[in-house]
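Descriptive analysis of the structure
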Amino acid sequence: YEMLRSLVGSEMCIRDRNRIYTIKQGDTLQSIADQLQINVDDIIEFHNRHSNTFITEYRPNLFGVDKIILPADLSEFRRRHNPNRLNLLYGDITLSCKDIVIDEATELQMRGQDLIQAQTIQRFSVKQDEKDGHAISIIDCKEIIKRQISPQYKPLADTVSFLGQPLNHLVLGINPNGEIAKIVNQEEIYERWNNLKQTKEAQILLTDNVIGENISQAMDTDYSQTLKVVKETLRYRLLCPDFWGDQTLDEIRYRETDLTLSSNFFSSHKIRFTLKETFSRADETNGIIVTQEYSSMKEMQKELLGVYNSSLNDYLQTPLDYGMNIKCTFHISGTPLCIQDCHCHLQEKLNDMAVFTNEIHIKYNH
């Protein structure tokens, strides 16, 4: 407001809920629009709606017009009429897709040695619906196409895959801003998990002296709080991204996020993130490119230092330089807006001697 006062001086006063701009010699609609950082068409439309005098773009010198009616809150008016502003609600972007392919590659290197190399390619479907005032996404895992796993990692990978089965069918309730609000079929998931635990294969794993107790305790906790599992699982966040709401193209936005991921080095710790987000036009398709960059919060370095010194310091013999960074790029086509694909790169490292990477490519075959 102070900036606007300095621009127009005493030539503008506020009456009721509108501003009255008094025309000065030499004023044109374009010069007024430039001063106030408002589009000419928006000035004309607002004035004609709130005044008995009528102006058009064909009267650039405003002959015979001594006042222009403008909105009282120019900053809000400017924001709402910004040609680069997007207001994306859940229903504005088509997620429904019968065939979504997730290609995920994982690698862990310590002291230059490959300890884990794995690739999983899965097919999903997503259906959009509405229920109980929430937008609904129904996610189904259809099949695992292929799996390539280094021999030393295979037992653990098979265990994780087996225990993760209850999450292969999700009904997510989503708020208008895109945030996952609830798991509609949470009771069903917990019941499936309890039934799964009774199978012969699960009993063999759960009674293992080394990993059984930890897995059982962790899974019992997680599957009774399925919403927590989904919010802490990057894959489902990518299937139902949370970038809805007011956005401005080519403007960098920093915001809080509720994403917390398990550390690949410190299993008992959850890594917290800050989020940098940008939207830009994809000229060749008249679509949108959304970039989300997650960076682990700085205090995580201090929090993990004690664990590192007691467990890995002797092995790696280098100082801790911890960080987890994730960069996700969504490509969204033009009209109607449909997610076409998403590329995501995750890197977690203790230092240059211990690095974990995860590459995820999601293709929506509309």
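Read on for an overview of the structure. (Residues numbered from 1 in each chain as written. Predicted model: local features only at pLDDT ≥ 70, side-chain atom pairs only at ≥ 80, totals over all residues. Heavy atoms only, no water.)

Of all hydrophobic cores here, the largest spans 78 residues; its most connected members are Ile326 and Leu350. Per-element tally for this core: the top contributor is strand S16 (residues 337-351), with 6 residues. Setting aside its immediate chain neighbours within four residues, Ile326 contacts Leu234, Leu259, Leu261, Phe273, Gln292, Glu293, Tyr294, Cys344, His345 and Leu346. Core analysis: the next-biggest nonpolar cluster, separate from the first, contains 19 residues, Tyr21, Leu29, Ile44 and Leu74 among them. (Core = buried A, V, L, I, M, F, W, Y, C linked by side-chain atoms within 4.5 Å. Buried < 20%, exposed > 50% of the residue type's maximum accessible area, 1.4 Å probe, protein only. Helix = DSSP H or I, 4+ residues; strand = E, 2+ residues; numbered from the N terminus. Contact = heavy atoms within 4.5 Å.)

With that settled, the discussion passes to the side chain of Asn351. As for its placement among the helices and strands, Asn351 is situated in strand S16. The exposure class assigned to Asn351 is buried, which follows from its relative accessible area of 5%. Within polar-contact distance, the side chain of Asn351 engages the backbone nitrogen of Met353 at 2.8 Å. With residues near it in sequence (within four places) discarded, Asn351 still touches Tyr308, Leu316, Thr318, Pro319 and Asp321. (Polar contact = N/O pair within 3.5 Å; in protein donor to acceptor, adjacent residues only side chain to side chain.)

The element strand S3 (residues 67-71) is extensively covered by neighbouring structure, given that 4 of its 5 residues are classed as buried. The pairing of strand S2 (residues 18-22) with S3 spans 5 bridges and is classified as antiparallel. The partner of Arg19 across the bridge, within S3, is Leu70. (Pairing = 2+ DSSP bridges.)

With that out of the way, let us pick up helix H6 (residues 186-197). With 12 residues, H6 extends 17 Å from end C-alpha to end C-alpha; this agrees with the ideal 16 Å at 1.5 Å per step. For H6, every residue scored as buried is listed here: Ile189, Trp193, Leu196 and Lys197. Summarising the axial view, the buried residues of H6 lie within an arc of 100°, below the 170-degree limit, and thus occupy one face. Exposed residues lying more than 90 degrees from the buried face of H6 are Glu187 and Glu191. (Expected span 1.5 Å × (residues − 1). Arc of directions from axis to C-beta.)

With that settled, consider the packing of H6 against helix H8 (residues 212-223). It is at 10 Å that the axes of H6 and H8 come closest, and there the two elements cross at 160°. One way to sum up the angle between H6 and H8 is to call them roughly antiparallel. Crossing of H6 against H8: the hand is left-handed. Across from Ile189, Tyr190, Trp193 and Lys197 in H6, the residues of H8 making contact are Met219, Asp220 and Tyr223. (Axes fitted to C-alpha atoms, helices over the stretch in contact; angles between N-to-C directions. Parallel < 35°, antiparallel > 145°, perpendicular 65-115°, else oblique. Left-handed = near helix turned anticlockwise from the far one by under 90°.)

In this section: the state of the cysteines. All chains considered together, the criterion is met by 0 disulfides. Cys342 takes part in no disulfide bond, and the closest cysteine sulfur to it belongs to Cys328, at a distance of 5.2 Å. (Disulfide = S-S within 2.5 Å.)

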